[in-house]
Amino acid sequence: MGRAAAAGRGAGGARRWLPWLGLCFWAAGAAAARGTDNGEVLPDSIPSAPGTLPHFIEEPDDAYIIKSNPIALRCKARPAMQIFFKCNGEWVHQNEHVSEESLDESSGLKVREVFINVTRQQVEDFHGPEDYWCQCVAWSHLGTSKSRKASVRIAYLRKNFEQDPQGREVPIEGMIVLHCRPPEGVPAAEVEWLKNEEPIDSEQDEHIDTRADHNLIIRQARLSDSGNYTCMAANIVAKRRSLSATVVVYVNGGWSSWTEWSACNVPCGRGWQKRSRTCTNPAPLNGGAFCEGMSVQKITCTALCPVDGSWEVWSEWSVCSPECEHLRIRECTAPAPRNGGKFCEGVSQESENCTDGLCILDKKPLHEIKPQSIENASDIALYSGLGAAVVAVAVLVIGITLYRRSQSDYGVDVIDSSALTGGFQTFNFKTVRQGNSLLLNPSMQPDLTVSRTYSGPICLQDPLDKELMTESSLFNPLSDIKVKVQSSFMVSLGVSERAEYHGKNHSGTFPHGNNRSFTTVHARNKTPYIQNLSSLPTRTELRTTGVFGHLGGRLVMPNTGVSLLIPHGAIPEENSWEIYMSINQGEPSLQSDGSEVLLSPEVTCGPPDMIVTTPFALTIPHCADVSSEHWNIHLKKRTQQGKWEEVMSVEDESTSCYCLLDPFACHVLLDSFGTYALTGEPITDCAVKQLKVAVFGCMSCNSLDYNLRVYCVDNTPWAFQEVVSDERHQGGQLLEEPKLLHFKGNTFSLQISVLDIPPFLWRIKPFTACQEVPFSRVWCSNRQPLHCAFSLERYTPTTTQLSCKICIRQLKGHEQILQVQTSILESERETITFFAQEDSTFPAQTGPKAFKIPYSIRQRICATFDTPNSKGKDWQMLAQKNSINRNLSYFATQSSPSAVILNLWEARHQHDGDLDSLACALEEIGRTHTKLSNITESQLDEADFNYSRQNGL
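All values derive from a computational prediction rather than experimental measurement.

Would you take a moment to explain the overall build of the protein chain for this structure?
Summing up its helical and strand segments, the protein chain has 13 helices and 49 strands in all. Within the protein chain, the fraction of its 953 residues that count as buried is 43%. Roughly 49,900 Å² of accessible area belongs to the protein chain as shown, and the carbon and sulfur atoms make up 51% of that amount.

Sorry if this is basic, but what is going on with the packing of helix H8 (residues 855-865) against helix H11 (residues 897-908) here?
Geometry of a packed helix pair, given as the angle between the helix axes and the separation of the axes. At their nearest, the axes of H8 and H11 sit 8 Å apart, and the two run at 135° to each other. It follows from the interaxial angle that H8 and H11 lie oblique. Here H8 contributes Arg858, Ile861, Cys862 and Phe865 to the contact with H11, which in turn contributes Ser898, Ala899, Leu902, Asn903 and Glu906. Within the contact of H8 with H11, the residues separate by chemical class into 5 nonpolar, 2 polar and 2 charged.

Got a minute to help me understand the nonpolar core in this structure?
If you look at soluble globular proteins, the nonpolar side chains tend to sit buried side by side. Counting residues in hydrophobic clusters, the biggest one holds 78 residues, and the most contacted among them are Leu564, Ile579, Leu618, Leu708, Ile806 and Ile808. Here this core takes 6 residues from strand S40 (residues 705-714), the largest share from any one element. Excluding residues within four positions of it along the chain, Leu618 makes contact with Ser563, Leu564, Met581, Val603, Cys605, Cys666, His667, Val668, Leu670 and Tyr676.

Please clarify how the confidence of the model for the protein chain should be interpreted in this entry.
For residues with low pLDDT, the predicted coordinates do not support detailed interpretation. Confidence in the prediction of the protein chain, expressed as mean pLDDT, is 75, and 71% of residues score 70 or more. The low-confidence segment residues 361-375 (pLDDT under 50) makes 5 contacts with residues lying over four places distant or belonging to another chain. The low-confidence segment residues 408-540 (pLDDT under 50) makes 306 contacts with residues lying over four places distant or belonging to another chain.

I would appreciate a short explanation of the state of the cysteines in the present structure.
By definition, a disulfide links the sulfur atoms of two cysteine residues through a covalent bond. According to the stated counting rule, one finds 8 disulfides in the structure shown. Disulfide partner of Cys180: Cys231, at an S-S distance of 2.0 Å. Around the S-S axis, the bridge from Cys180 to Cys231 shows a dihedral of about -80° and counts as left-handed. Pair noted here: Cys180 is in the loop between strand S12 (176-178) and strand S13 (185-186) and Cys231 is in strand S18 (residues 227-234), with a separation of 51 residues, a long-range link. Accessibility expressed as a relative area gives 0% for Cys231, which makes it buried.

Quick question: what am I supposed to make of the sheet that holds S12 here?
Strands in a sheet are paired, the pairing made by backbone hydrogen bonds, and the direction either parallel or antiparallel. Taken in spatial order, the 3 strands of this open sheet run S12-S17-S16, and their pairing is antiparallel. Since the sheet does not close on itself, it has two edges, and those belong to S12 and strand S16 (208-209), each with one partner. Note: S16 against strand S17 (residues 216-218), 2 bridges, orientation antiparallel. Across the sheet, Asp209 pairs through a bridge with Ile217, a residue of S17.

Hey, could you run me through the environment of Gln801 in this one?
As for its position among the elements, Gln801 is in strand S47 (residues 801-810). Each C-alpha atom of the pair Gln801 and Thr822 lies 6.0 Å from the other, and the pair is 21 residues apart in sequence.

What is the right way to read the pattern of salt bridges from this model?
When charged atoms on two side chains of opposite charge get close, those side chains can pair. With the rule as written, the count across this model stands at 24 salt bridges. Residues Arg554 and Glu906 are paired through a salt bridge, measuring 3.5 Å at the closest nitrogen-oxygen approach. One end of the pair, Arg554, is in strand S28 (residues 553-557); the other, Glu906, is in helix H11, with 352 residues separating them in the sequence. A residue is classified by how much of its surface remains accessible, and Arg554, at 4% relative accessible area, is buried. Because the salt bridges share partners, they merge into one network encompassing Glu58, Arg74, Lys76 and Glu113.

Is there a simple way to explain the packing of aromatic side chains in this structure?
One pass over the structure, following the stated rule, counts 16 aromatic pairs. For the pair Trp255 and Phe290, a centre-to-centre distance of 6.4 Å together with 80° between the ring planes defines the contact as edge-to-face. On the criterion of sequence distance, the pair formed by Trp255 in the loop between strand S20 (245-250) and strand S21 (269-276) and Phe290 in the loop between S21 and strand S22 (296-303) is long-range, its members being 35 residues apart. Ring plane angle 80° and centroid distance 5.6 Å describe the contact between Tyr890 and Phe891, whose orientation is recorded as edge-to-face. When its relative accessible area of 0% is taken as the criterion, Tyr890 is described as buried.

Help me out: how do you make sense of the pairing of strand S10 (residues 150-157) in this one?
Consecutive residues of a regular strand have side chains that alternate between opposite faces of the sheet. In terms of burial, S10 is largely enclosed, as 6 of its 8 residues are buried. Relative to S10, strand S8 (residues 132-139) runs antiparallel, the two sharing 3 bridges. Within S10, the residue paired with Tyr132 across the bridge is Val152. Here S10 pairs with S13 via 2 bridges, running antiparallel. Bridge assignment links Leu157 to a residue of S13, and that residue is Gly185.

Quick notes on the rules
- Residues numbered from 1 in each chain as written.
- Predicted model: local features only at pLDDT ≥ 70, side-chain atom pairs only at ≥ 80, totals over all residues.
- Heavy atoms only, no water.
- Helix = DSSP H or I, 4+ residues; strand = E, 2+ residues; numbered from the N terminus.
- Buried < 20%, exposed > 50% of the residue type's maximum accessible area, 1.4 Å probe, protein only.
- Areas by Shrake-Rupley, 256 points an atom, 1.4 Å probe, with all protein chains shown as cover.
- Axes fitted to C-alpha atoms, helices over the stretch in contact; angles between N-to-C directions.
- Parallel < 35°, antiparallel > 145°, perpendicular 65-115°, else oblique.
- Contact = heavy atoms within 4.5 Å.
- Nonpolar A, V, L, I, M, F, W, Y, C, P; charged D, E, K, R; others polar.
- Core = buried A, V, L, I, M, F, W, Y, C linked by side-chain atoms within 4.5 Å.
- pLDDT = per-residue confidence, 0-100.
- Disulfide = S-S within 2.5 Å.
- Pairing = 2+ DSSP bridges.
- Salt bridge = Lys/Arg side-chain N within 4 Å of Asp/Glu carboxyl O.
- Phe/Tyr/Trp six-rings, centres within 6.5 Å; stacked < 30°, edge-to-face > 60°.

The structure is reproduced here in structure tokens:
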């Protein structure tokens, strides 16, 4: 084949003249024929009229070579003496032409048709500026005619699509656009779409358009449009399939209409009624979002109680009638029966003989009887009535006296209801010497031989709002409390000091089976003290235990910010448990996923098999700059298999636990013990971790060198305690009070540099005055304390003072300056105080001493606010006034919502004991009542409804 092609190319010049030679031979033969036949035209001569040029009936078409199969090009013209092909400007050899002649019957003209074959090799061997082409040239007597150029190309279709369609998840009635760019090919591939392996006919479905640049467009998605879509590309050579794209049309859930309000849940009195709706309009499908909001609403209601009728007192007897009878009547109006109540039983009218049955005496009318006998009868009735009244008054006095004596057994915390308008005063009363925290057990007789004077705040009530504290009979009179009344409504709550409590001995149940007893816990000294490095616990001491019983208590991990509050009554009576709490100081077992970071220590509390009847409060410090816009914070728990699972997000609504996020700690209400930790997922680059930066210094082995170590740790007490513990072992000293650095999650690194070193006294090694820490190392610094070390050298041993600045800054972020001014001699160095904590004196506190609110006052608050109130002053308002505005459904599931709210208050105020804030909250509730005192009943009902809706009920 190659040699033939070469021979053809070599004979190109000769081939170019072959058609002309053929014409010359043909013309000579025709002339000889004419001379032989005396000028007569032979039948095979061209019968065309003079002046007619060839006309092409069929011209060559563009063609494609498929694989190695040659293609045929043809021409047909009339009248034509000869037709030859010219390819790429060169004449095709006459031997490669196949000619056919015929006669057009209509015109009588000769029709000539010519074929040639073009092979793949010929096309591949051609290297020109354009495609391989061929053209027909036809001759007649008057000249030549040329056909159109027909291009010949090798057909192909590549395997890979330039763009495969991508899967989509779109809402119903949304637009679906699937892009498809077929593989490169000659000729260009035609595109066809398949859905679930079935061809899509856009002509039959007006919602689907496949005409726009091979793309599939569905303008309004329907559920039936979900499926697997495939792009098919095909030309004359092959077919290609793209990767399948899964399209999911989802439906977000929608709420149905509210049902009618249910009947009041109580047949009589204050209750609630509810209505519900379902997420079925429409129901979420194919992963659509569930409906947002509450499915149940509750409002308070008041069911009218049936009132049975009661008789009024009898009227006076009427005048004696001529029949010797007089009458008296009474009415059933004290009260009258209403709301379906029973009518009074008995008669409404009585009559009797007004002369004791002696209407006629000695056959004479009554008016003739002597008046002395009538007067005697009237005196007897009068004296009988007076005697009965005296007996009734005596019985009433005795009853009141016995009642007041029975109430005198209350202890120190009971407040006299006669003092409901008072404020802060010094008052004297006798208190019990021993007793339980309830101080309400009549079986324990108080010892009134000890007198104690209390001077401090006490919670008093304004008479304008007596309903708040007196509806449940909370305040009872005490004869031994004297309060001087002032004009304040409610200033504070509780007393500044309480009687010493000695716990009652209980036999306890422990996980290891030993019997324990409660011990007396004395009041701790609340004066803050300064703790130095030498007094800090070592790493192995970050664990604490305590024995707790029915009275509850508080367990504190010193200098870590971690604490555990066991409420009163959380542990059943006659039981006691040894409860422990610890912090993981090794490598964290919680491995972060993606951008998630650990924000708190891993805190373990136990025993894990302990069951509590009331949620306990666990306080865990964290290092996040709290903002729901920038952080998504989760509470996680470690399972028995060692894996971590999410308990809840801090912003979630849940009835299993409750998280209250404060600026530096998270207070969690839980029902089970275990290992817990807080993690955070930054939502934006503005998410901030709070870092504590500190500088320590110590002498090195070389007497002229001095080492500076700069730490950047998470702003949690336990993390800094670990640094202090390490420095204590290395002999380091804190040189400057630690400061707070706000480190953003913007991927920029941290720079630490030493500035303003005295030039002729100290020197630092070149290129070591500034160190840079990668972002990821700082962002995940909870793995281990992050520090940078700088080595300074004195010029002479006489230099004992060091002054410089430590600059810690994040690129495009926050910056802090630590001013170091110290003596390197230990005897002259000034000690920097860095701990002033109150929780290290008594890690475990049990009984009433562990709580800020006296138990009896706590009882009265719970009894008042747990009861629904027509004015809205219930536990929901108590939560609102204490800045608890989220996830109120958790408290609604508790037997005493107010008690759980107060437990949360105790956890938040374990250090300050700010009873004034709670008193102010109660005072605000009272003022709210005063403002509402003049509102009509219909307005109150409407306000209750709006309030319940705002709180998700």
